[in-house]
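The primary structure of each chain is shown beneath.
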Amino acid sequence: MIVRNIKENKGGFFMADEDGEEAGRMTYTFAGKEKLIIDHTEVNPDFKGMGVGKLMLMNLVDYAREAKIKVIPLCPFAKSVFSKEDIIKDVLYV
């Protein structure tokens, strides 16, 4: 599965792709230059239970680390993962 970061004007999305089919999408919006907000996570029903959401989130966390920005997880899925995974809390905006 391939995950790409598609950047747009004031945000973007991470898209998971499996053999040309969109498996999921995680949208984000920039909140200034040092923070981004995860707005929404959606997984194609054909890919439910396969870890697609977490894969996109981990790619977003890697991006945040490289860009030295913090993450505000407003999306319930992302918020839930951040509450359970200590290894990604370094990018969490508090």
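In the block above lies the structure referred to throughout.
The structure contained in this document is the topic of the report that follows. (Residues numbered from 1 in each chain as written. Predicted model: local features only at pLDDT ≥ 70, side-chain atom pairs only at ≥ 80, totals over all residues. Heavy atoms only, no water.)

**Some words on the packing of helix H1 (residues 52-67) against helix H2 (residues 76-84)**
The relative placement of two packed helices comes down to the angle between their axes together with the axis-to-axis distance.
Then, number 1: Here H1 crosses H2 at 75°, and the two axes come no closer than 11 Å. It follows that H1 is roughly perpendicular to H2 by the angle criterion. Of H2, the residues touching H1 (which contributes Gly53, Lys54, Leu57 and Val61) are Phe77, Ala78, Val81 and Phe82.
Then, number 2: Looking at the contact of H1 with H2 residue by residue, the class counts come to six nonpolar, one polar and one charged. (Axes fitted to C-alpha atoms, helices over the stretch in contact; angles between N-to-C directions. Helix = DSSP H or I, 4+ residues; strand = E, 2+ residues; numbered from the N terminus. Parallel < 35°, antiparallel > 145°, perpendicular 65-115°, else oblique. Contact = heavy atoms within 4.5 Å. Nonpolar A, V, L, I, M, F, W, Y, C, P; charged D, E, K, R; others polar.)

**Quick word on the nonpolar core**
Then, number 1: Of all hydrophobic cores here, the largest spans 25 residues; its most connected members are Ile38 and Leu57.
Then, number 2: Secondary-structure elements contributing two or more residues to this core are strand E2 (11-18), strand E3 (21-30), strand E4 (35-43), H1 and H2.
Then, number 3: If one sorts the elements of this core by residue count, H1 sits on top with seven residues.
Then, number 4: When residues no more than four places from it in sequence are discounted, the contact partners of Leu57 are Met26, Ile38, Ala78, Val81, Phe82 and Ile88. (Core = buried A, V, L, I, M, F, W, Y, C linked by side-chain atoms within 4.5 Å. Buried < 20%, exposed > 50% of the residue type's maximum accessible area, 1.4 Å probe, protein only.)

**A closer look at H1**
Two residues of an α-helix separated by three or four positions point the same way, owing to the 3.6 residues in each turn.
Then, number 1: If you check H1, its first and last C-alpha atoms are 23 Å apart, about what 16 residues at 1.5 Å a residue would give, namely 22 Å.
Then, number 2: For H1, every residue scored as buried is listed here: Val52, Gly53, Met56, Leu57, Leu60, Val61, Tyr63 and Ala64.
Then, number 3: Against the buried residues of H1 lie strand E1 (2-7), E2, E3, E4, strand E5 (70-73) and H2.
Then, number 4: At the exit of H1 stands Lys68, carrying a positive phi of roughly 55°. (Expected span 1.5 Å × (residues − 1).)

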